[in-house]
Amino acid sequence: MRTRTLAGLAVATLVLAGCGGRPALKPLKDQKLPAVPVGAATAPTGGELMAPSIQARPERNVELLTQSRQRSDDPFDLPPEKQPQ
């Protein structure tokens, strides 16, 4: 029973030790960092590049249509031409 406890404790210690040892991301030997965007003072960090933009993850509109409404006339809804030239 004691050996199981010690083995479990050893495994848990190894797992926890491996979680905290992540080095920072660096480019490979022959790769360059991304160019600095136009108008930016500094190049974006790895975390900034990985975070989705507002355009990529827009907020959702939770307003529900509560009443039906008659659609108004659309002046641009024209029938197709009879003989296109």
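Located above this text is the structure these notes cover.
Residues numbered from 1 in each chain as written. Predicted model: local features only at pLDDT ≥ 70, side-chain atom pairs only at ≥ 80, totals over all residues. Heavy atoms only, no water.

### Regarding the overall build of the chain
The cut-off we apply is this: Strands are runs of DSSP state E lasting at least two residues, helices are runs of H or I lasting at least four, and both sets are numbered from the N terminus onward. The size measure is the radius of gyration over C-alpha atoms, and the globule rule it meets is 2.2 Å times the number of residues to the 0.38 power. Each residue's exposure class comes from its accessible area (1.4 Å probe, protein chains only) as a fraction of the maximum for that residue type: buried when under 20%, exposed when over 50%, partly exposed otherwise. For every accessible area listed, the method is Shrake-Rupley and the probe measures 1.4 Å; residues are considered covered only by the protein chains on display.
Summing up its helical and strand segments, the chain has 2 helices and 0 strands in all. At 30 Å, the chain has a C-alpha radius of gyration far larger than the 12 Å of a compact globule built from 85 residues. Classification of the 85 residues of the chain by burial places 0% in the buried group. A total accessible area of about 9,700 Å² is found for the chain, and carbon and sulfur atoms account for 58% of it.

### Description of the environment of Arg57
As for its placement among the helices and strands, Arg57 is situated in the segment after helix 2 (46–50). Residues Arg57 and Val11 lie 46 residues apart in sequence; the distance between their C-alpha atoms is 39 Å.

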